[in-house]
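Commentary on secondary and tertiary structure
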Amino acid sequence: MFVPLDALSENQQPVVRVDQMTVVRRRVVLRNISFAVPMGSVTGLLGPSGSGKTTLIRTIVGLQARASGTVEVLGLPAGSASLRREVGYVSQAPSVYPDVTVRENLRYFASVLGLRGEPRAQAVRRVLSDVDLTALAGTVVGRLSGGERSRVSLAVAFLGTPRLLVLDEPTVGLDPVLRRDLWALFGRQARHGTTVLVSSHVMDEADRCDRLLLLREGRLLAAGDRGELLARTGTVRAEDAFLRLVEAPHSLEAG
Amino acid sequence: MTVPAGREARTVFATARRVLGQLAHDLGTVALILALPCVLLILLRWVFHGVPGSFARAGPQLFGVFPLIVMYLVASVATLRERVNGTLDRLLCLPMRRLDLLLGYVVAFGVLAVAQAGIATGLAVGVLGMRVAGPVWLLLLAAALDALLGLALGLLTSAFARTEFQAVQYLPAVILPQFLLCGLFVPPEAMDGTLRLLADTMPMTYAVQATSRIATEPGITSALLADLAAVTAFLLACLILGAFTLRRRTP
Ligand SMILES: Nc1ncnc2c1ncn2[C@@H]1O[C@H](COP(=O)(O)OP(=O)(O)OP(=O)(O)O)[C@@H](O)[C@H]1O
Ligand SMILES: [Mg+2]
């Protein structure tokens, strides 16, 4: 069922392909962005607050108006109807119903994904344990803490079997143990062929990613393999690489 | 794999179930929907206490107004909440048609509309002594259709609202002109040409005409059927338009 990573050829079609994309939200928020995300990787989208991470993610899932240039997901224009099954999206602010329980939320979204009966019950149990919320399944979401609420929102994205998961700052404010577990979960998803794109403004999290997109003030500083990026900038941590790229961008331009 | 049509129907019912689940956790709103038309009817009966014949005329007319307004309010807030919660964006990224989302609301609130109509009809006919020349079940049907029309109007206008404040501002803009022209104050026949034309484009006019006809005309007349058909047509048009105006891409 899953395509093993080593079976993929080098010139395989990327899962996300963005080319010369510019987004205007009152002012230009993303300027001339180009990159590709290969299949089966964990790609970190890193940048400080306000750099345009959420805007870029909204463009990839097809929610952002006024985006020019090319944005393709699995070879189709972003937001195409046939991509709705293939792309799982978790917004930065938790997007679940605060006035019903965790389980009722998950059951509903599972039904929208076309699951029912035992497979739906199984999917709900599985994602509850993935985000460590089994004990709170019967609690009304509005009575959960912020972090718990965002885990409910995250759990919804794991209900289906998407080929691309797009997660906007999913690990903010979480317990370090759970954070580590979630990153392990993202890694497992990627090994099973699901491509994972995760944004974060915490540079430490970059070290858990295979690939990086570094964003600053609406411009892409770098895009590519993490190891290569560190080697090119002569650094060992993503944070230092980021600083290098900001301070001496031209001397480091890739060939 | 299952047939697509069955899948979509299941999405509609799953949504209806979720909306009813939300209402079950919010009994205040349920009480408001069920009791408010009754309270207003009692108030109306009281206002007309010393004026013979007035309640007989205005009672059935307002029967076409109260369920509509109550449901309009609830619906415009409900969809706005989907937007503010971020669940609207999420649903639009899932394999769900926009119309199916609205139909889910219609099914859930339809259940409530029938309950509301039943209680209000029972109160008006049984306790307040409102005379109904036609069959009582028809009044019930008209009131339920009316409530659903309010729901559809609310769903449609809330697609344009960005904030709760805007949604509330739409109430006087959308409902009050209809309220003035629906025939409650001056019957449409007595209005001048332009005004009459304007009244004829407004759904509440047909809702009010239908309930007055049921109250005054025995049996089911073709004029009544035409009014009920007009209410249904407005209801469907608002839903389809509502689905189109629910924008996926936002700035
Ligand atoms: N709805 C909006 N309308 C207009 N401009 C917006 C809107 N939302 C965000 N912006 C602007 O777009 C820019 C990028 O915002 P974005 O939310 O993409 O940043 P971000 O990198 O996700 O930040 P954070 O880490 O704080 O979430 C910001 O300068 C912000 O002011
Ligand atoms: Mg953001």
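Residues numbered from 1 in each chain as written. Chains lettered and ligands numbered in written order. Predicted model: local features only at pLDDT ≥ 70, side-chain atom pairs only at ≥ 80, totals over all residues. Heavy atoms only, no water.

1. As for the overall build of chain B
Within chain B, the secondary structure is distributed over eleven helices and zero strands. Computed over its C-alpha atoms, the radius of gyration of chain B comes to 19 Å, within 12% of the 18 Å expected for a compact globule of 251 residues. Summarising its shape, the C-alpha atoms of chain B cover approximately 60 × 40 × 35 Å along the three principal directions. In chain B, which comprises 251 residues, the proportion classed as buried is 53%. Pairs at least 24 residues apart make up 79% of the contacts formed inside chain B by residues separated by at least 6 positions. Summed over all atoms, the accessible surface of chain B reaches about 11,000 Å², with 74% contributed by carbon and sulfur. Taking the 18 positively charged and 12 negatively charged side chains of chain B as two groups, their mean positions are separated by 8 Å. (Helix = DSSP H or I, 4+ residues; strand = E, 2+ residues; numbered from the N terminus. Rg over C-alpha atoms; globule rule 2.2 N^0.38 Å. Buried < 20%, exposed > 50% of the residue type's maximum accessible area, 1.4 Å probe, protein only. Contact = heavy atoms within 4.5 Å. Areas by Shrake-Rupley, 256 points an atom, 1.4 Å probe, with all protein chains shown as cover. Lys, Arg positive; Asp, Glu negative; His and termini not counted. Charge placed at Lys NZ, Arg CZ, Asp CG, Glu CD.)

2. Points about the side chain of Gln178(B)
Within the secondary structure layout, Gln178(B) lies in helix H8 (residues 164–181). Setting aside its immediate chain neighbours within four residues, Gln178(B) contacts Leu153(B), Met202(B), Pro203(B) and Met204(B).

3. Things to note about the UniProt feature "domain: ABC transmembrane type-2" (unreviewed entry) in chain B
The UniProt record annotates "domain: ABC transmembrane type-2" (unreviewed entry) at residues 24–249 of chain B. Taken end to end, residues 24–249 of chain B is 77% helix and 0% strand, and its two terminal C-alpha atoms sit 32 Å from one another. (UniProt positions renumbered as here; feature names shortened; annotations may be inferred.)

4. Quick notes on the pattern of salt bridges
Taken as a whole, this structure holds 15 salt bridges over all chains when the rule is applied. Salt-bridge contacts for Arg163(A) lead to Glu86(A); the nearest nitrogen and oxygen are separated by 4.0 Å. Of this pair, Arg163(A) sits in the loop between helix H4 (146–157) and strand S7 (164–168) while Glu86(A) is found in the loop between strand S5 (76–77) and strand S6 (87–90), placing the two residues 77 residues apart along the sequence. On the basis of relative accessibility, which here comes to 42%, the residue Arg163(A) falls in the partly exposed class. For Glu86(A), a relative accessible area of 22% corresponds to the partly exposed category. Linking Asp181(A) and Arg180(A) is a salt bridge whose minimum nitrogen-to-oxygen distance equals 3.4 Å. When salt bridges with common partners are traced through the structure, they connect Glu8(B), Arg97(B) and Asp100(B) into a single cluster. (Salt bridge = Lys/Arg side-chain N within 4 Å of Asp/Glu carboxyl O.)

5. Thoughts on the UniProt feature "transmembrane region" (unreviewed entry) in chain B
All names here are of chain B. This chain's UniProt record puts "transmembrane region" (unreviewed entry) on residues 27–48, 60–80, 101–130, 136–156, 168–186 and 228–246. Here residues 27–48 is 95% helix and 0% strand, with 32 Å between the C-alpha atoms at its ends. End-to-end, the C-alpha atoms of residues 228–246 are 27 Å apart, and along that stretch the chain is 95% helix and 0% strand.

6. Some words on the coordination of the magnesium ion (ligand 2)
Residues and elements named next belong to chain A. Those protein atoms acting as donors to the magnesium ion (ligand 2) are Thr54 (OG1) and Gln92 (OE1), and they sit at 1.9 to 2.1 Å. With Thr54 in helix H1 (residues 53–60) and Gln92 in the loop between S6 and helix H2 (102–112), this residue pair connects regions lying 38 residues apart in the sequence. Taking relative accessible area as the criterion, Gln92 reaches 40% and is therefore assigned partly exposed. (Donors = N, O, S within 2.8 Å, 3.2 Å for Na, K, Ca; no water.)

7. Some points on the UniProt feature "domain: ABC transporter" (unreviewed entry) in chain A
Taking the numbering used here, the UniProt-annotated feature "domain: ABC transporter" (unreviewed entry) corresponds to residues 15–242 of chain A. Span residues 15–242 of chain A is 32% helix and 28% strand, its end C-alpha atoms 25 Å apart.

8. Let's talk about the environment of Thr194(A)
Residue and element names in this part refer to chain A. In this structure, Thr194 sits in the loop between helix H5 (176–191) and strand S8 (195–200). The buried category is assigned to Thr194, whose relative accessible area is 8%. Along the primary structure Thr194 and Leu165 are separated by 29 residues, whereas in three dimensions their C-alpha atoms are 7.1 Å apart. The residues touching Thr194, leaving out its near neighbours within four places in the chain, are Gly40, Ser41, Pro162, Arg163, Leu164, Leu165 and Gln189. Within the structure, Thr194 has its side chain in polar contact with the backbone oxygen of Pro162 (distance 3.4 Å). (Polar contact = N/O pair within 3.5 Å; in protein donor to acceptor, adjacent residues only side chain to side chain.)

9. Some thoughts on the packing of aromatic side chains
Scanning the entire structure with this criterion turns up seven aromatic pairs over all chains. Arranged with centres 6.0 Å apart and planes meeting at 65°, the rings of Tyr97(A) and Tyr108(A) form a pair that is edge-to-face. Pair noted here: Tyr97(A) is in the loop between S6 and H2 and Tyr108(A) is in helix H2, with a separation of eleven residues, a long-range link. Consider the rings of Phe179(B) and Phe185(B), whose centres lie 5.8 Å apart with planes at 80°: the pair is edge-to-face. Joined through ring pairs, the aromatic side chains of Tyr97(A), Tyr108(A) and Phe109(A) make up one cluster. (Phe/Tyr/Trp six-rings, centres within 6.5 Å; stacked < 30°, edge-to-face > 60°.)

10. Details of the interface of chain A and chain B
Taken together, the 36 residues of chain A in the interface contact 28 residues of chain B. Between chain A and chain B, a total of about 2,900 Å² is buried, with carbon and sulfur atoms accounting for 50% of that surface. Looking only at chain A, the three residues that lose the most surface to chain B are Arg84(A), Tyr97(A) and Tyr108(A), adding up to 23% of its buried area. Taken together, the connections running from chain A to chain B amount to two salt bridges. (Buried area = accessible area lost by both parts, 1.4 Å probe.)

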